[in-house]
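The primary structure of each chain is shown beneath.
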Amino acid sequence: MEPKPRKISSRHLKEGLLCMLILLLAFSFFTPRFIEYADSRFVRVIPGLINLFIAPSLVVIIIKLNKGVFKAYFILYGFLVYIGAMIVSATIHYEAQSNELAANGVWGKAVVTDEKFTISRIQNKINWRIKCTFTANNHRFETFYESDPKNTYKVGDTLEILYSKDFPKMYRLKMVY
């Protein structure tokens, strides 16, 4: 005789989903450096995907479980969670980067190694971007593509770069226009 499968109570389900939401938002807010500064674009967008899809969906599901019925305005609550999570994530990331560069920042030289443009269909304009390389701790590092709105820099130009001596993938280019 097989035992009956246990039914999960809605109270336990709500508590579990709420804990999952809190953990995912905490991960999104305090993303580990190796994910935030990963070379792979896919890995770097994981916190954004959590904020965009998973957190708002969990909010809508939790509210639906509490109310017992789905209302269209629950989606608005999910959207508000998304906006709030993105603002908090961006603020925490910017402050952590600023603090790290203020405490452990080292100035160096970066050389432009690539330039490209993208066409914005929304604004109907060309956006120029540059990629640089620099040497830190006897290793060569590449920057991500950075915006160069006036197309000031060409391949071979040298810029100043402020990078963290402990984590050189954290940097800021000093661009002069």
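Just above sits the structure.
None of these values were measured; they are calculated from a predicted model. Position numbers for residues start from 1 in each chain and track the written sequence from start to end. Local features in this predicted model are restricted to residues of pLDDT 70 or higher, and side-chain atom pairs are both shown and tallied only at a pLDDT of 80 or more, whereas totals for entire chains, interfaces and linings draw on every residue. Values reported for side chains reflect all heavy atoms of the structure, with hydrogen atoms and water molecules removed beforehand.

Chemist: Describe the overall build of the protein chain, listing the residues and the values that go with them.
Modeler: Helix and strand content of the protein chain: five helices and six strands. Only DSSP runs of H or I reaching four residues or more are called helices, and only runs of E reaching two or more are called strands; each is numbered from the N terminus. N-terminal to C-terminal, the α/β element order of the protein chain is α-α-α-α-α-β-β-β-β-β-β. Radius of gyration means the value over C-alpha atoms here, while the globule rule gives 2.2 Å times the residue count to the 0.38 power. The C-alpha radius of gyration of the protein chain comes to 22 Å, more than 25% above the 16 Å expected for a compact globule of 177 residues. Taking the principal axes of the C-alpha coordinates as reference, the protein chain spans close to 75 × 40 × 35 Å. Remark: exposure states derive from per-residue accessible area (1.4 Å probe, protein chains only) relative to the maximum for the residue type, with buried under 20%, exposed over 50%, and partly exposed in between. Burial analysis of the protein chain (177 residues in total) assigns 30% to the buried set. Any pair of residues with heavy atoms lying within 4.5 Å of one another is described as a contacting pair. Of all intrachain contacts in the protein chain linking residues separated by at least 6 positions in sequence, the fraction that spans at least 24 positions is 57%. The positive count covers Lys and Arg only, the negative count covers Asp and Glu only, and His and the chain ends enter neither. In this description, the location of a charge corresponds to atom NZ of lysine, CZ of arginine, CG of aspartate or CD of glutamate. Across the protein chain, the 24 positively charged side chains and the 14 negatively charged ones have centroids separated by 11 Å.

Chemist: Tell me about the pairing of strand S5 (residues 158-164), residues and numbers included.
Modeler: Counting buried residues in S5 gives five out of seven residues, a clear majority hidden from the surface. One ladder, built from seven bridges, connects strand S1 (residues 105-120) with S5; its direction is antiparallel. Counted as the bridge partner of Ala-110 is Leu-159 from S5. By the convention used here, strands pair only if DSSP detects at least 2 bridges between them. Looking at chain direction, S5 and strand S6 (residues 171-174) are connected through four bridges and run antiparallel. If you follow Glu-160 over to S6, its bridge partner there is Lys-174. Hairpin connection, S5 to S6: the antiparallel pair is bridged by six residues.

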